[in-house]
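What follows is the residue order along each chain.
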Amino acid sequence: MKFAVMADDFTGAADVGVQFLSSGRRVAAVIDGCSDSSADVVIRSSGTRNCSEKEAYDKVKQMFSEIKEEGFDRFYKKIDSTLRGNIYAEIEAIVELIDKKESIVIAAAFPEMGRIIKNGEHYLNGVPLMETFIAKDVASPVKEGNLLKIFKDVLHISLEDIRNGIINEKLKNNSKRVIIIDGETAEDMDIVAEAVVETGYDRYIAGAAGIVNYLFNYWDRKNRVAVISGSCSEISLEQINNFLKENCEENFDIINMNSEMILKKQFVFNESIGKRDIVMTSILHKNEIESSKEYFEKSGYSNREGSALLSDVFSDYAAELIKKSGIKNLIILGGESSEKILKKLGINEIELFFCIENGISVAKSKNMRYNIIVKPGNFGSKNCIEKFYKILKYKQY
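Residues numbered from 1 in each chain as written. Predicted model: local features only at pLDDT ≥ 70, side-chain atom pairs only at ≥ 80, totals over all residues. Heavy atoms only, no water.

Chemist: Tell me about the pattern of salt bridges, and name the residues and values.
Modeler: In total, this model carries 30 salt bridges according to the counting rule given. Between Asp80 and Arg84 there is a salt bridge, and its shortest N-O distance comes to 3.1 Å. Overall, Asp80 belongs to the buried group, its relative accessible area being 6%. If you follow the salt bridges from partner to partner, you end up with Asp8, Asp9, Arg49, Asp80, Arg84 and Asp137 in one network. (Salt bridge = Lys/Arg side-chain N within 4 Å of Asp/Glu carboxyl O. Buried < 20%, exposed > 50% of the residue type's maximum accessible area, 1.4 Å probe, protein only.)

Chemist: Requested: an account of the sheet that holds strand E10 (residues 178-181), with residues and values cited.
Modeler: Pairing in this open sheet of 8 strands is parallel, and the strands run E2-E3-E1-E4-E11-E5-E10-E9 from one edge to the other. Where the open sheet ends on each side, the last strands, each with one partner, are strand E2 (27-30) and strand E9 (155-157). Within the sheet, the average angular offset between the axes of one strand and its neighbour, ignoring direction, is 20°. Bridge count for strand E5 (residues 104-106) against E10 is 3 bridges, and the pairing is parallel. From the neighbouring strand, Ile106 faces E10, where its bridge partner is Ile180. Sitting on the sheet, helix H8 (residues 210-219) touches strand E1 (3-7), strand E4 (74-78) and strand E11 (204-207), and the angle it makes with E4 is about 165°. (Pairing = 2+ DSSP bridges. Helix = DSSP H or I, 4+ residues; strand = E, 2+ residues; numbered from the N terminus. Axes fitted to C-alpha atoms, helices over the stretch in contact; angles between N-to-C directions. Contact = heavy atoms within 4.5 Å.)

Chemist: Outline helix H9 (residues 234-246), supporting the account with residue identities and numerical values.
Modeler: Taking 1.5 Å as the rise per residue, H9 with 13 residues should run 18 Å; its terminal C-alpha atoms sit 18 Å apart, in good agreement. When H9 is considered as a whole, its buried residues turn out to be Ser236, Leu237, Gln239, Ile240, Asn241, Asn242, Phe243 and Leu244. (Expected span 1.5 Å × (residues − 1).)

Chemist: Tell me about the packing of aromatic side chains, residues and numbers included.
Modeler: Taken as a whole and assessed by the stated rule, the structure comprises 14 aromatic pairs. Judged by centre distance (5.5 Å) and plane angle (45°), the rings of Tyr88 and Phe151 are tilted. In this pair, Tyr88 is assigned in helix H3 (residues 87-95) and Phe151 in the loop between helix H4 (147-150) and E9, connecting sequence segments 63 residues apart. Residue classification places Phe151 among the buried residues on the basis of a relative accessible area of 1%. Summarising the aromatic geometry, the rings of Phe243 and Phe252 are spaced 5.5 Å apart at their centres and angled 75° between planes, so their arrangement reads as edge-to-face. Both residues of the pair, Phe243 and Phe252, belong to the buried class. An aromatic cluster is present here, built from Phe3, Phe20, Phe216 and Trp219 joined pairwise through their rings. (Phe/Tyr/Trp six-rings, centres within 6.5 Å; stacked < 30°, edge-to-face > 60°.)

Chemist: Give a description of the environment of Ser311 that names residues and reports values.
Modeler: One can find Ser311 in helix H12 (residues 303-325). A residue is classified by how much of its surface remains accessible, and Ser311, at 9% relative accessible area, is buried. Sequence-distant contacts of Ser311, that is, excluding residues within four places in its chain, are made with Glu336, Ser337 and Lys340.

Chemist: Outline H8, listing residues and values.
Modeler: Burial of H8 is extensive: 8 of the 10 residues sit out of reach of the surface. By the burial criterion, the buried members of H8 are Gly210, Ile211, Val212, Tyr214, Leu215, Phe216, Tyr218 and Trp219. Contacts made by the buried residues of H8 are with E1, helix H1 (10-21), E4, helix H7 (186-198) and E11.

Chemist: Which residues make up the environment of Asp316, and what values do they have?
Modeler: The topology assignment puts Asp316 in helix H12. Given a relative accessible area of 38%, Asp316 falls into the partly exposed group. In the structure, Asp316 is positioned 24 residues away from Lys340 in sequence and 8.3 Å away in space, judged by C-alpha atoms.

Chemist: Tell me about unusual backbone geometry, and name the residues and values.
Modeler: Here Leu83, not a glycine, exhibits a phi torsion of approximately 65°, which is positive. Relative to the elements of secondary structure, Leu83 occurs in the loop between E4 and H3.

Set out below in structure tokens:
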């Protein structure tokens with residue numbers, strides 16, 4: 001996903017750039033002219049914070065026209081968190097150049113920095129913006145503290161709409177070109193981010209840097225990753241556990257299938273499997289290796305026979321999981337498991353793109369549907385799964 005970002009001054013551009021950078025994306029800030037950058041996020045400053053309205057309108061319209069020529073998937077108009085600058089003129093310039101059926105969302109609240117929006121009114125640390133020292137800024141005084149007075153013909157999403165669960169319905173029925181959304185808490189901003197992404201209103205968004213981090217939770221959900229480990233090597237077990245320690249488990253469905261569960265085919269995927277990234281393992285901890293051997297012996301299998309059968313059935317489950325979840329980004333640990341899983345997915349040929357560690361590369365299936373990293377059990381650095389995850393999650397290939 002390619003992002004184009006425009007701010008009205010360079011520090012504002014850097015501010016929002018940090019938010020994108022923290023998500024693992026590559027960010028380029030253009031000082032002057034057009035961009036030929038291959039970065040995920042290209043940021044520009046229009047330098048219009050202290051211009052006249054007419055000059056700001058003309059500059060932004062020209063710059064946005066150039067941005068459209070270069071192409072993007074999502075556009076973010078960074079506005080000052082205290083509404084300084086020529087917000088109306090700049091948003092109007094953008095609205096004139098987007099498709100008549102499209103709208104721009106203005107989500108200006110930044111609760112973590114004491115900036116909230118209630119009924120369109122901006123409050124700074126609990127005080128109406130026009131009553132603060134910011135409003136009297138010498139170079140760029142605030143002209144109006146209520147977004148509903150700055151923009152007239154709009155759809156307004158209130159705090160009540162957000163908290164009563166009707167934001168999606170209002171967005172789906174929208175016919176206005178500009179949408180003003182309130183926000184008072186982090187929970188409000190998270191609901192707003194989810195709603196605009198789910199309803200498709202995330203192509204054009206304006207706001208302070210605050211909403212960006214919440215949008216990542218839902219933008220990245222669309223680019224889900226599955227980490228599948230059928231390897232019982234101690235190196236792979238350490239790598240998987242390092243990855244889980246570094247990441248919040250709430251962001252993943254973690255499926256650890258013990259040998260007995262796999263061989264008796266007792267596992268059933270639940271309905272929530274279609275929402276988050278997935279980590280699926282046949283063994284997660286070292287002591288489970290001995291438990292598997294004991295189960296093989298109890299069931300009349302040699303370790304070789306039991307391991308082969310375990311690999312077959314686990315591969316069936318893994319392929320079923322990948323198909324049901326719709327995930328197209330795969331990190332697979334274990335040479336034998338990876339070959340079986342890919343075959344069960346109908347992949348008989350992959351194209352290697354580039355090496356990311358010794359003996360490990362990013363590949364695509366021949367039909368280009370799957371992005372794949374296969375890691376042999378005993379290969380890879382200590383934190384390689386985190387590295388591979390970011391490569392696929394943020395399309396760094």
